[in-house]
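# Secondary and tertiary structure notes
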Amino acid sequence: MTGRVERAAPTTTVIGRRPSDATEAPAAVPPPRLRLLPRVNPVTRLAAAILVTTPLLFTIDWVSAAVALTLQLALFLAAGVRPSTMLRRCWPILVAAPLAGLSMLLYGRPAGTEYWSFWLARITDGSIELAVAVTLRVLAIGLPAVLLFLDVDPTELADGLAQVWRLPARFVLGALAGARLIGLFLDDWRAMAMSRRARGIGDHGAVRRFATMAFALLVLAIRRGSKLATAMEARGFGARTARSWARPSTIGAPDAALLVIALSVAGCAIGGAILAGTFHPVWV
Amino acid sequence: MSRPVSERVAPASVEARGWGWRHAGRRRWAIEGLDLSIAPGERVLLVGPSGSGKSTVLHALAGVNGGAEEGESVGELLLDGVGPADRRGRSGLVLQDPDSQVVLSRLGDDVAFGCENLGVERSEIWSRVRDAVDAVGLELPLDHPTSRLSGGQKQRLALAGAIAMRPGLLLLDEPTANLDPEGVAEVRAAVSRVLDRTGATLVVVEHRVDVWHELVDRMVVLGREGRVIADGRPKEVLVSARVELLAAGVWVPGEPLDVGAARAADPDTDVLLSGHGLTIGRQAGRPLRTGVELAVPAGASTVLTGPNGAGKSTLALTLGGLLRPLAGRVVAAPALAAGIGPDPSGWRSRELLHRIGTVFQEPEHQFVARTVRGELGVALRALGEQDTASRVDPVLERLRLEHLAEANPFTLSGGEQRRLTAASVLVARPRVVILDEPTFGQDRLTWIELVRLVRELADDGVAVLSVSHDAAYREALGDVRYALGADSLGTGKAA
């Protein structure tokens, strides 16, 4: 047979199969709820974190930090935070604290016996004490900042900021809605990187590529943001009518209790340092 | 079916008298001299060429065109006899992009958002939220995360958020343009149910007339600069304004597409690119499909289909050398590899350029230059070509972009952007072209143009692979057809 072969109508070939061990996109694992705290408003937790940590910024000594850290660990364990959760959630702080301590160890104000020196670095009794104090302090400030917000839902925090603290709703809700776009930006970034590779400009140096992509992402972010703003405005956002709230955000006795606990921790830390004679205000 | 009286609203009326709008800093009026009167409860489909100001009218009616600093208006545009900006909540607007309309992270909270802004009582809000979610057929708990909704579900969520405000006027701005056929059907059914329950007035802008013409009772066609050139019952307008509608790129139902049919090709001759035992996925440990075998032959058009989430785009990116397969091999035939290794994911970006060209779904991710001409020059400069003009101009002309050569890519219409992304890949003359949903949301003219372009490429010996949901596209271009399996039945032949 010569010439054109009569071809059959196209058929569809089914290809591939679902992997047998297919893991569906994992359902978002709810973060561990803090016991004793579920009825505390997120803004109260913010206030408590500020109350616990601010006094620690006024003194550089190891006793206050150690007391605060010990009490915090006991309280978080009592609230049902498992040590493994603490490690998982706090690792950046666990890394940062010794690093901050190390720089104090080498460059802290020298005092007492000198053990080792090299150029500007000197390890002395004074710098060792400072290193311990700073390491403990970073932990004592970082731990509550992370763990108190372990199970805080951003929407509930925004509700609290607007309804309890009376911050402007326009600002709070705008920030909340905008934060939701961050996940989209990650996808945008990946797609842009692949597109640049496909367009023949993926071989450029990392710095130049990062700079041009960052600019492109900014353009995209502004476009997405303005679309979101239009959608919000179409739903009456920013109207002059007084806004109502679908989800009530209130405070009560549990909130007061948490603040009392926070104040006690701070009081014990500072009091302990004064009793031990190590209290060392930063302004002296 | 009888419905609770509480869901019915007082439908709104619309009146435009010599109305026009010009965006700040533009010389041209987006729309000018619009005269239109819509009675309460009417359902109107508004169509017209891109640049006729359809969306501008909708945005003005929703009161989101902004104040004097955003632009200026002439004439009158009235909602229930007063300016729309004074009637917040009287209209509800659903926009085109599903991702940019979600406000909050839980479904119920998102629907409640509009009611809160209008100051509705708390108990009333939640009963409205439940009614609205029910009306759009979202059978999900109110605390369902909005990030895990499909495109069609997100559009129905936006619709629920709009109707929870109990608007007398529902405004839809191409609500199905970014959706697959399943999503389009979902949204259409939801709108139909919502209108039956509420009795609200409807104005929908859309070039897919086939989706809406049975649901509306009036069709208005705008010409350039927003003059009404046809107005009446859809059946009559589709006949009387047929020529104008076709010229505007509107999908006139029943109008044949003059593009020819696919011709079956043998997937195993002249193969340029193939996948063997592929496991695909975007993240290690998160495979989407496994055991994928396919071949993309030169001189033919291959179309890949499959259900949502099966990994069609992921497979396209894997074949295009942009993602590494989790297992198995992508093999470029020696004719394609031309002296470098057979694995496209190991090629340098510049080496990929004239071998495999990939056009992504989202044009905005792909723009890197400030002008249309600049976009086309990118590939040629990367290849080290000196005389770019002689290569760029014919491509610009072929894709009808020459009058836009100096325009900023971001300012182009959807159809123009799609043509530009194709042009900027084709200018490098790759032997394999991969297109991800090339006809998504395109008007009829752009659709025909893209289909003809792909056919031309295949006739010139290029291996074209398209990922598409579009049945008409598959009929025209599916010389070789693959479907990513929906279940675990594995490989096999299907009709």
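Placed above this text is the structure.
In what follows, the accompanying structure is described. Numbering of residues starts from 1 in every chain and runs along the sequence as written. Chain letters and ligand numbers both follow the written order, the letters beginning at A and the numbers at 1. Note on the predicted model: pLDDT of at least 70 is required for a residue's local features to be given, and 80 or more for side-chain atom pairs to be given and counted; whole-chain, interface and lining totals, by contrast, use all residues.

## Points about the overall build of chain B
- Note on conventions: DSSP H or I runs of at least 4 residues are helices, E runs of at least 2 residues are strands, and numbering of each starts at the N terminus. Across its full length, chain B holds 16 helices and 18 strands.
- Backbone-placed C-beta atoms define the burial measure: a residue is buried with 20 or more other C-beta atoms within 10 Å of its own, exposed with 12 or fewer, and partly exposed in between. A burial count over chain B gives 54% of its 495 residues as buried.
- It is the C-beta atoms, placed from the backbone, that decide contacts: two residues are in contact if theirs lie within 7 Å. Long-range contacts, defined as pairs at least 24 residues apart, comprise 73% of the intrachain contacts of chain B with a sequence gap of at least 6.

## Section: helix H5 (residues 154-163) of chain A
- Residues of H5 of chain A that are buried: Ala 158, Asp 159, Gly 160, Leu 161, Ala 162 and Gln 163 of chain A.
- Along its buried surface, H5 of chain A packs onto helix H1 (42-53) and helix H6 (169-198) of chain A.

## Quick notes on the interface of chain B and chain A
- Contact with chain B, which involves 83 residues of that partner, is made by 54 residues of chain A.
- Listed by contribution, the elements that provide at least two residues to the side of chain B that touches chain A are helix H2 (107-117), helix H3 (122-135), strand E11 (289-297), helix H11 (349-353), strand E14 (356-359), helix H12 (372-382), strand E17 (480-484) and strand E18 (492-494) of chain B.
- The greatest single-element share of the side of chain B that touches chain A, amounting to 7 residues, is contributed by H2 of chain B.
- Counted by class, the side of chain B that touches chain A contains 39 nonpolar, 24 polar and 20 charged residues.
- Whether two strands pair depends on DSSP finding at least two bridges between them. By the bridge criterion, 4 bridges tie strand E1 (residues 12-15) of chain A to E17 of chain B in an arrangement that is parallel. Of the residues in E17 of chain B, the one forming a bridge with Thr 13 of chain A is Tyr 482 of chain B. Each residue is assigned to one class: nonpolar for Ala, Val, Leu, Ile, Met, Phe, Trp, Tyr, Cys and Pro, charged for Asp, Glu, Lys and Arg, and polar for all the others, Gly among them.

## Some points on the sheet that holds strand E7 (residues 201-205) of chain B
Residues and elements named next belong to chain B.
- Pairing is mixed across the open sheet formed by 6 strands, whose spatial order is E5-E6-E7-E3-E8-E9. Of all the strands in the sheet, the pair left with one neighbour each is strand E5 (91-94) and strand E9 (228-232). For this sheet, the mean angle separating the axes of adjacent strands, direction not counted, is 15°.
- Of the pairings in the sheet, the one linking strand E8 (residues 218-222) to E9 comprises 4 bridges and is antiparallel in character. Only the contacting stretch of a helix is used when fitting its axis, a line to C-alpha atoms as for every element, and angles between N-to-C directions run 0 to 180 degrees.

## So, the nonpolar core
- Leu 159 and Ala 160 of chain B are the most contacted members of the largest nonpolar core, which totals 95 residues.
- When sequence neighbours within four positions are dropped, the list of residues in contact with Leu 159 of chain B reads Val 94, Val 136, Ala 190, Val 191 and Val 194 of chain B.
- We define a nonpolar core as a collection of buried residues of the types Ala, Val, Leu, Ile, Met, Phe, Trp, Tyr and Cys that are connected via C-beta atoms lying within 7 Å of each other. With 80 residues, the next largest nonpolar core counts Met 192 of chain A together with Val 330, Val 359 and Ala 476 of chain B among its residues.

## A closer look at the pairing of strand E10 (residues 271-280) of chain B
Residues and elements named next belong to chain B.
- In this sheet, E11 lies alongside E10 in antiparallel orientation, the contact comprising 6 bridges. In the sheet register, Ser 274 faces E11, and the bridge partner there is Ala 295.
- Pairing geometry for E10 and strand E13 (residues 327-332), over 5 bridges, is antiparallel. By the bridge assignment for E13, Leu 273 is matched with Ala 332.

## Some words on the sheet that holds strand E1 (residues 14-23) of chain B
Residue and element names in this part refer to chain B.
- Strand order in the open sheet formed by 3 strands is E2-E1-E4, with antiparallel pairing between adjacent strands. Each edge of the sheet is formed by a strand with only one pairing partner; in this case those strands are strand E2 (31-38) and strand E4 (71-79). Shown here is a sheet whose adjacent strand axes are inclined to one another by a mean of 20°, direction ignored.
- Both E1 and E4 contribute to a ladder of 8 bridges, which runs antiparallel.

## Structural notes on unusual backbone geometry
Residue and element names in this part refer to chain B.
- Unusually for a residue other than glycine, Arg 429 sits at a positive phi of about 55°.
- Turning to its location among the elements, Arg 429 is positioned in the loop between helix H14 (414-426) and strand E15 (432-436).
- On the basis of neighbour count, Arg 429 is assigned to the partly exposed category, with 17 C-beta atoms found within 10 Å.

## So, the packing of H1 of chain A against helix H4 (residues 125-147) of chain A
Residues and elements named next belong to chain A.
- Packing of H1 against H4 leaves a shortest axis separation of 9 Å and a crossing angle of 175°. As judged from the angle between their axes, H1 and H4 are roughly antiparallel. Contacts between H1 and H4 involve Ala 49, Val 52 and Thr 53 from the former and Ile 141, Pro 144 and Ala 145 from the latter.
- Its residues assigned to classes, the contact of H1 with H4 comprises 5 nonpolar, 1 polar and no charged. Relative orientations are named as follows: roughly parallel for angles under 35 degrees, roughly antiparallel for angles over 145 degrees, roughly perpendicular for angles from 65 to 115 degrees, and oblique for any other angle.

## Observations regarding the packing of H12 of chain B against helix H13 (residues 389-398) of chain B
Residue and element names in this part refer to chain B.
- Put simply, H12 and H13 touch, their axes get as near as 10 Å, and they point 130° apart. By the angle class used here, H12 and H13 are oblique. Where H12 crosses over H13, the two elements pack in a sense that is right-handed. Together, Arg 373, Leu 376, Gly 377 and Leu 380 of H12 and Arg 391, Val 392, Val 395 and Leu 396 of H13 make up the contact between the two elements.
- When grouped by side-chain class, the residues that make up the contact of H12 with H13 number 5 nonpolar, 1 polar and 2 charged. Helix crossings fall into two classes, left-handed where the near helix is turned counterclockwise from the far one by less than a right angle and right-handed where it is turned clockwise.

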